[in-house]
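Per-entry structural report
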Amino acid sequence: MRLKLEKKAHSGLRIVPLTLMIAAPVLLAGAVLFEAVGADPLAAYAVMLQGALGNWFNCSEVLVKAIPLMLTGLAVAVAARMQLWNIGCEGQLVCGGIFAAGFALYAADALPAPAVIPILILAGFAGGALWALIPALLKARWNVNEIISTLMFNYVAVILMQHLYFGPWRDPMGRGFPGTAMFVRSAWLPRFFHTRIHLGLFIALGAALLLYYSLGHTTWGYRVTVIGLSPQAARYANFDAGRQQIAVLLISGGLAGLAGMGEVCGIHLRLQQGLAVGYGYDGIIVAFLAYLNPLAVPLVALLLAGLIVGGEQLQAVAHLPASISMVLEGCLLLAILAATVFSTHRLRIVRDDEEGP
Amino acid sequence: MTENFAISLLAAAVQSGTPILYATLGEILCEKSGVLNLGVEGIMMIGALAGFMAAASTGSPLLGFLAGGACGALLAAVHGWVCLSFRGNQVVSGLALTILGSGLADYLGTPFVGRQAPGFDPFALPLLSRVPLLGDIFFNQDLLVYISYLIVPLMWIFLRNTRWGLSLRCAGENPDAAVANGISVTAYRWMGTLGGGFLGGLGGAYLSLAYTHLWSNGLSAGRGWIAVALVIFAFWRPERALMGAYLFGGVMAFQLRLQAAGTSIPSSILLMLPYALTIFVIVLASWRRPQSAMPTSLGVNVEPTE
């Protein structure tokens, strides 16, 4: 007797079995890992849950962490709609942060206060888009593998940022603190509800709506989808795939850049260590967990943010490495990939003497 | 001074190129069978940690090296399971593997930061080390470097002249033809995936056991991704992977030496060099149309037919 996958007559997934199929192996993997370092799995999960949802402040922190995840998730999703793999969100996020910080440090005090925030938003978007420009051009012109080029630019961006805050941009009054001086007040993104929730949340939600509309209901979105699904059909319809590839990668990079701007001007209020903490890579998980649907991205980002905040609590309370959240994220993505097959296939038990259909 | 400097630089190029060479050879094996594994970075990370942990607890560096390979294969098995058994997307699964491997290495490795483990040290190979120039560059290395010299021709022969190697390539080039000839595509793809993971794990173990003799978080620092790029640069050929890996080893060694010598070039520019070179190399390769050498069914999942 053995198990066999076979094609279903009707494709589709039911949400409850899907959730179970995904959650069970992930929770189990986490339990094994807690046991491995001598922690009680149930207690550890309780700490994570408490840390993410225990009180109003913790909940608000989940929202705060979800902001960059929404933006990088959208960034990965919009590129993946066209079968482009933007693995460079981390670098684009950093570059958006650098642009915003440069503007906030050296130009913001010379401008009238109401003009500063809109320009900051533009600067963040431009920084991220610029960082995606070279991989985009290389892809469109010579079909250079964008997975590798965007990824390599991550390392370059992080080194560049460190060079800036350890070197020319370092706070002269900082007594060796690795970071720039704090920005002027006008360059702080407004915060809400006496928490750290900042303007970035509304930028991210707006971007999600805009992408949902433009991907699903405009000719541009139609072109992008067709080029992604079938490059041949796109060529036949005379769509300029190269130009669309560049446009989509610039938008994708710009969204990641906005995430960096939000972190720098909404949370840190200076350029400092702790900007490149993996939100760019988390974006990949968010995008695929949301099945590339822009409206699902904010919800999934919340879920992942809860996981990350829970992991941080685990480190603070139980002194377990916070990287457990990274492990669980990886397991989550793998479980989803494996479960997706059940939208078109089902498992059947086949006896050895039975002939397959 | 210049001649000695050049020789020691080239010897260092071989040493720092070796982990990349192991990983590149592994990825070639995997991709030849039709499976794209972008999780090499995570596999190297796990290999480095597992190798270090095993060497520290058993006292045997060789056991550590093998444990690195075994754990690399174990992580690759997750990729095989998701892509070959459940037909998940190979690109996304590989990325997930990198996240999982890096996270896991960080999570389990934290207690081992700063610990000591026995490692591999260079020794002169009798006779060969006395060959002028070449002896100093290639035959004053550690055991694992010598093993890598053997793997390159063995893999070349395996892929060209053995029944298993040809079947594995057929599974990557033309799965339908493979099935028609009674070759189990799934079995050979598993072979490529596990073998590739094993070699990637060995590459990681080289880092902690021979290159740094230490475990630290983020040890592989993008070398796994460089290996993925080098596979394209090498046109999926083991002998060209050797050249590419030593080129990168050379740049890394050169960059470290310049930093130590205290040049006027800012250290951040030097640190960027390997990553900038990767982009340059991948552009160069793209001009020569690597699609012609790429296994035709790379990354494409097949329906099981049995």
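Residues numbered from 1 in each chain as written. Chains lettered and ligands numbered in written order. Predicted model: local features only at pLDDT ≥ 70, side-chain atom pairs only at ≥ 80, totals over all residues. Heavy atoms only, no water.

1. A look at the overall build of chain A
Just so we agree on the cut-off: By definition, any uninterrupted DSSP run of H or I lasting at least four residues is a helix, any uninterrupted run of E lasting at least two residues is a strand, and each is numbered from the N terminus. For this measure, only C-alpha atoms enter the radius of gyration; the expected value for a globule follows 2.2 Å times N^0.38, where N is the number of residues. A simple rule labels every residue: compare its accessible area, found with a 1.4 Å probe on the protein chains alone, to the largest value its type can have, and call it buried under 20%, exposed over 50%, or partly exposed in between. It only takes one pair of heavy atoms within 4.5 Å for two residues to be counted as in contact. Method for areas: the Shrake-Rupley scheme with a 1.4 Å probe, in which residue coverage is limited to the protein chains shown. This count recognises Lys and Arg as positive and Asp and Glu as negative, with His and chain-terminal groups excluded. To locate a charge, the coordinates of NZ of Lys, CZ of Arg, CG of Asp or CD of Glu are taken.
Helices and strands together make up the secondary structure of chain A, namely 13 helices and two strands. The C-alpha atoms of chain A give a radius of gyration of 22 Å, which matches the 21 Å a tight globule of 357 residues would have. Taken across its 357 residues, chain A has 55% of its residues classed as buried. Excluding contacts between residues fewer than 6 apart, the proportion of contacts in chain A whose partners are at least 24 apart in sequence is 77%. Counting only carbon and sulfur atoms, one obtains 65% of the accessible surface of chain A, whose full area is about 16000 Å². Of the charged side chains in chain A, 21 are positive and 17 negative, and the gap between their average positions amounts to 8 Å.

2. Considering the overall build of chain B
Helix and strand counts for chain B stand at twelve helices and zero strands. Relative to the 2.2 N^0.38 estimate, which gives 19 Å for 306 residues, the radius of gyration of chain B is 19 Å and therefore close to what a compact globule would have. Taking the principal axes of its C-alpha atoms as reference, chain B extends roughly 65 × 45 × 40 Å. When each of the 306 residues of chain B is scored for burial, the buried share is 57%. In chain B, of all internal contacts separated by at least 6 residues, the share reaching a separation of at least 24 is 77%. Charge separation in chain B, taken as the distance between the mean sites of 14 positive and 13 negative side-chain charges, equals 6 Å.

3. A look at the state of the cysteines
The condition is simple: Disulfides are defined as pairs of cysteine sulfur atoms found within 2.5 Å of each other.
Tallied over the entire structure, the rule returns zero disulfides over all chains. As a non-bridged cysteine, B:C83 has B:C30 as the owner of its nearest cysteine sulfur, 9.1 Å distant.

4. Some thoughts on the packing of helix α12 (residues 297-318) of chain A against helix α13 (residues 324-340) of chain A
Residues and elements named next belong to chain A. Here is the rule: Only the contacting stretch of a helix is used when fitting its axis, a line to C-alpha atoms as for every element, and angles between N-to-C directions run 0 to 180 degrees. Here the angle decides the label: under 35 degrees means roughly parallel, over 145 means roughly antiparallel, 65 to 115 means roughly perpendicular, and every other value means oblique. Any residue outside Ala, Val, Leu, Ile, Met, Phe, Trp, Tyr, Cys, Pro, Asp, Glu, Lys and Arg is labelled polar, Gly included; the first ten of those are nonpolar and the last four are charged.
Here α12 crosses α13 at 150 degrees, and the two axes come no closer than 8 Å. When the interaxial angle is binned, α12 and α13 end up roughly antiparallel. Along the contact surface, α12 presents L304, L307, I308, G311 and L314, while α13 presents I324, S325, L328, E329 and L332. Residues belonging to the contact of α12 with α13 are distributed by class as follows: seven nonpolar, two polar and one charged.

5. A closer look at the packing of aromatic side chains
Residue and element names in this part refer to chain B. The test is simple: Paired rings are identified among Phe, Tyr and Trp, the last through its six-membered ring, by centres lying within 6.5 Å, and are further divided according to the angle between planes into stacked (under 30 degrees), edge-to-face (over 60) and tilted (the rest). Geometrically, a charge over a ring is one whose NZ (Lys) or CZ (Arg) sits within 6 Å of the ring centre while staying within 35 degrees of the ring normal.
Enumeration according to the criterion identifies 18 aromatic pairs over all chains in this entry. Between F123 and Y146 the ring centres are 5.3 Å apart and the planes differ by 75 degrees, which places this aromatic pair in the edge-to-face class. One end of the pair, F123, is in the loop between α4 (90-109) and α5 (134-138); the other, Y146, is in helix α6 (residues 143-161), and 23 residues separate them in sequence. You can call F123 partly exposed: its relative accessible area is 37%. Each ring, one from F138 and one from Y246, has its centre 6.4 Å from the other, and the planes form 45 degrees; the classification is tilted. With F138 in helix α5 and Y246 in helix α11 (residues 238-261), the pair connects residues that are 108 residues apart, well separated along the chain. Counting every residue linked through ring pairs, the aromatic cluster contains F123, F138, F139, Y146, Y149 and Y246. Sitting over the face of the ring of F233, R240 holds its NZ or CZ atom 5.6 Å from the ring centroid. The ring centre of F235 lies 5.3 Å from the NZ or CZ of R288, which sits over that ring.

6. Topic: the environment of B:P19
Residue and element names in this part refer to chain B. In this structure, P19 sits in helix α1 (residues 2-32). On the basis of relative accessibility, which here comes to 0%, the residue P19 falls in the buried class. Residues P19 and A210, 191 residues apart in the sequence, show an inter-C-alpha distance of 9.5 Å. Beyond its immediate stretch of four places on either side in the chain, P19 contacts M44, G203, Y206 and L207.

7. A closer look at the side chain of B:S129
Residue and element names in this part refer to chain B. By secondary structure assignment, the location of S129 is in the loop between α4 and α5. A relative accessible area of 15% means that S129 is categorised as buried. When residues no more than four places from it in sequence are discounted, the contact partners of S129 are A124, G135, D136 and F139.

8. Description of a nonpolar patch on the surface
Keep this limit in mind: Patches in this entry comprise residues that are over 30% relatively accessible and not in a salt bridge; like charges within 9 Å are linked, as are nonpolar side chains (Val, Leu, Ile, Met, Phe, Trp, Tyr) within 5 Å. We define a salt bridge as a side-chain nitrogen of Lys or Arg found within 4 Å of a carboxyl oxygen belonging to Asp or Glu.
On the surface, A:W142, B:F280, B:L284 and B:W287 cluster together to form a nonpolar patch covering roughly 420 Å² of accessible area. Per-element tally for the nonpolar patch: the top contributor is helix α12 (residues 267-287) of chain B, with three residues. With respect to the helices, strands and loops of the structure, B:L284 is situated in helix α12.

9. Here's the deal with the nonpolar core
Quick reminder of the rule: Here the nonpolar core consists of buried residues drawn from Ala, Val, Leu, Ile, Met, Phe, Trp, Tyr and Cys, with membership extended through side-chain atoms lying within 4.5 Å.
The biggest cluster of nonpolar side chains holds 209 residues, and the ones touching the most others in it are A:F34, A:L120, A:L255, A:L271, A:F288 and B:W225. Ranked by residues supplied to this core, first place goes to helix α3 (residues 56-80) of chain A with 14 residues. Not counting the four nearest positions on each side in its chain, B:W225 is found in contact with A:I147, A:L151, A:M152, A:Y155, B:L38, B:E41, B:L95 and B:T98.

10. Observations regarding the interface of chain A and chain B
Defined as follows: Here the quantity called buried area is the total loss of accessible area, with a 1.4 Å probe, experienced by two parts when brought into contact, counted for both. Counting of polar contacts relies on pairs of N or O atoms within 3.5 Å, with two restrictions inside protein: one atom must be capable of donating a hydrogen and the other of accepting it, and residues adjacent in sequence are counted only when both atoms are side-chain atoms.
Each partner contributes to the interface: chain A provides 42 residues, whereas chain B provides 43 residues. Of the roughly 3800 Å² buried at the junction of chain A and chain B (both faces included), carbon and sulfur atoms supply 82%. The three residues of chain A that bury the most area against chain B are A:I148, A:M152 and A:L334, which together make up 16% of that side's buried surface. For the pair chain A and chain B, the interface holds zero salt bridges. Applying the counting criterion to the chain A and chain B interface returns five residue pairs in polar contact (both at pLDDT 80 or more). Looking at the side of chain A that touches chain B, the elements that each hand over two or more residues are β1 (2-7), α1 (15-36), α5 (113-142), α6 (146-166), α11 (279-289) and α13 of chain A. Tallying contributions element by element places α6(A) first for the side of chain A that touches chain B, with eleven residues. Considering only residue class, the side of chain A that touches chain B consists of 33 nonpolar, seven polar and two charged.

11. Some points on the pattern of salt bridges
Residues and elements named next belong to chain A. Under the criterion given, the structure shown has four salt bridges over all chains. Of the charged contacts, one joins E61 and R196 as a salt bridge, the two residues approaching to 2.8 Å between their closest N and O atoms. Residue E61 is found in helix α3, and its partner R196 is found in the loop between α6 and α7 (200-217); the two are separated by 135 residues along the sequence.

12. Some thoughts on α11(A)
Since one α-helical turn is 3.6 residues long, residues separated by three or four positions face the same way. Most of α11(A) sits out of view: ten of its eleven residues are buried. Structurally, α11(A) contributes buried residues whose contacts are with α3, α4 (89-106), α10 (241-268), α12 and α13 of chain A together with α4 of chain B. Just beyond α11(A), the residue with positive phi is A:Y291, at close to 50 degrees.

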